[in-house]
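Okay, here's what each chain looks like letter by letter:
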Amino acid sequence: MKYLISILIVGCVMSVAHPTNAHPHAWVDLSVEVVFDKTGAITGLREVWLFDDFYSVYATEGMDQDGDGQPDKAEMTKLVREIIESLAEYNYFTKVWIGRNPVHLNLVTEMSSEIRNNRLAMIYFIPFKKPVRTDVGALTYSIYDPSYYSEMLHAESEDAIKLVGAPEGCTYKVKAAEPSVEEVALAYSLPVTENVSTDLGQFFAERVSVRCSTHE
């Protein structure tokens, strides 16, 4: 598994800002909209990745600025497009299941970026190849960097997860990660330039389950 794709794109090495050892080296606050259609089926996920201050400064360093002193919109759009297109090979670091069956994702075509309190935000919608219904099992998703170079957790806010267009009776639950002592020790031992062949990030990832009860 390669390093975090965005780091490959912009050459972001944060060993100056963070310790040489111990993964993660970057942090992302997630916000996710689970999008329903008019029939009550789920059509995809709209994700917002809010990068940490250090990454945001590095990624936008050298960009032209607009009249408000913010990084140039066109340059940010180009950066985010390159990141997202590269993430496609890795399913955008997003895994989705309906029951125990994987949900296949389509390519992202809707994307944007902005600066929020000096932090770079990347916004995009991942459509499912086919809409799915939760009456055959809960929809579960998990968003994480497999290498655990970056820690990706839902933002600590009430609106970090939204069920958009959901019918009555739809709820979600977040299951926090429960890494073992050995997995934590392995992550702590990894230097900035080293990766692991196993899917280390899964042990530090949250899982969100969405269920919709039906009423006669």
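Residues numbered from 1 in each chain as written. Predicted model: local features only at pLDDT ≥ 70, side-chain atom pairs only at ≥ 80, totals over all residues. Heavy atoms only, no water.

Next up on the list: the side chain of glutamate 206. Relative to the helices and strands, glutamate 206 is located in the loop between α4 (181–189) and β11 (207–212). For the buried glutamate 206, no salt bridge is present, and the opposite-charge side chain at shortest range is arginine 207, 11 Å distant. Within polar-contact distance, the side chain of glutamate 206 engages the side chain of histidine 154 at 2.6 Å. (Helix = DSSP H or I, 4+ residues; strand = E, 2+ residues; numbered from the N terminus. Buried < 20%, exposed > 50% of the residue type's maximum accessible area, 1.4 Å probe, protein only. Lys, Arg positive; Asp, Glu negative; His and termini not counted. Salt bridge = Lys/Arg side-chain N within 4 Å of Asp/Glu carboxyl O. Polar contact = N/O pair within 3.5 Å; in protein donor to acceptor, adjacent residues only side chain to side chain.)

Another aspect to go through is the sheet that holds β11. Strand order in the open sheet formed by five strands is β4-β3-β7-β11-β10, with antiparallel pairing between adjacent strands. What marks the edges here is a single partner per strand, and that holds for β4 (101–102) and β10 (170–175). Strand direction decides the pairing type here: strand β3 (residues 94–98) and strand β7 (residues 139–143), joined by five bridges, are antiparallel. Along β7, the bridge assignment pairs isoleucine 98 with leucine 139. (Pairing = 2+ DSSP bridges.)

A word on the confidence of the model for the protein chain. Model confidence for the protein chain is summarised by a mean pLDDT of 85, while 84% of its residues fall at 70 or above. This stretch, residues 1–19, has a pLDDT under 50; its non-local contacts, to residues over four places away or in other chains, come to 52 contacts. (pLDDT = per-residue confidence, 0-100. Contact = heavy atoms within 4.5 Å.)

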